[in-house]
Amino acid sequence: MKTFVAVAALLLGQFLFGLSIAQAQAPAPAVIDAKVMQMGTLDAKVTDKTTAPGVVTGSIGQATYHFVTNATTMEARKGISFGFEYRLNGTPDGAKVTVRKVTIFPSPGLRNPKTGEVSMRSEYIETNAIGQRVLKAYDLDNDWEVVPGDWVQQVWVGEKKVAEEKFTLTTP
């Protein structure tokens, strides 16, 4: 019986050691690029909001959405949502990676009346899965966000910009 226990322990140890070696040798997720699937104005219904320190409004929203137009030029007005849906290409499919989402505002930037701070950009960190469709959008929820000009939305993985789209908001 002692021999059986010793052999079982030895085999279990080799099995677990083999797993840890296999897990240690598993390649890290690698993002090659991102493919923009669609872009334009969208109808979005916010389902949840999360506090986000780098965001000019102080939070980001999770939403259900559908694209209304594929326009990249639109009238600047409160209530409009615009952006793009993208898919990260890389390996392995389904692996989670950290992305940085950036919105660059037109000059003179956005002035938050609550804080008095003027921002030229807004950014936050998010986790996306390789191969999954994801939205990068901006909603003009406040009057002080309605600034005509070129708005640039970007997605970064590490130091690599993998997607960028420009939206021109015109004076009403």
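Just above sits the structure.
A short tour of the structure in this document, coming up. This one's a predicted model, so the numbers in the text were calculated from it and none came from an experiment. (Residues numbered from 1 in each chain as written. Predicted model: local features only at pLDDT ≥ 70, side-chain atom pairs only at ≥ 80, totals over all residues. Heavy atoms only, no water.)

### Considerations on the overall build of the protein
Working step 1: Helix and strand counts for the protein stand at one helix and eleven strands.
Working step 2: The helix and strand sequence of the protein, counted from the amino end, reads α-β-β-β-β-β-β-β-β-β-β-β.
Working step 3: In the protein, which comprises 172 residues, the proportion classed as buried is 34%.
Working step 4: Restricting to contacts in the protein with at least 6 residues of sequence separation, those with at least 24 account for 69%.
Working step 5: Only carbon and sulfur atoms are counted for the fraction: they give 56% of the accessible area of the protein, which is about 10,100 Å². (Helix = DSSP H or I, 4+ residues; strand = E, 2+ residues; numbered from the N terminus. Buried < 20%, exposed > 50% of the residue type's maximum accessible area, 1.4 Å probe, protein only. Contact = heavy atoms within 4.5 Å. Areas by Shrake-Rupley, 256 points an atom, 1.4 Å probe, with all protein chains shown as cover.)

### What to know about the sheet that holds strand E9 (residues 133–139)
Working step 1: With antiparallel pairing, four strands are arranged side by side in an open sheet as E2-E1-E4-E9. Looking along the sheet, the strands with just one partner apiece sit at the ends: strand E2 (59–67) and E9. Strand-to-strand, the axes of this sheet are offset by a mean angle of 50°, without reference to chain direction.
Working step 2: Of the strand pairs in this sheet, strand E4 (residues 81–91) and E9 are connected by seven bridges, and their pairing is antiparallel. Paired with Phe84 across the strands is Lys136, a residue of E9. (Pairing = 2+ DSSP bridges. Axes fitted to C-alpha atoms, helices over the stretch in contact; angles between N-to-C directions.)

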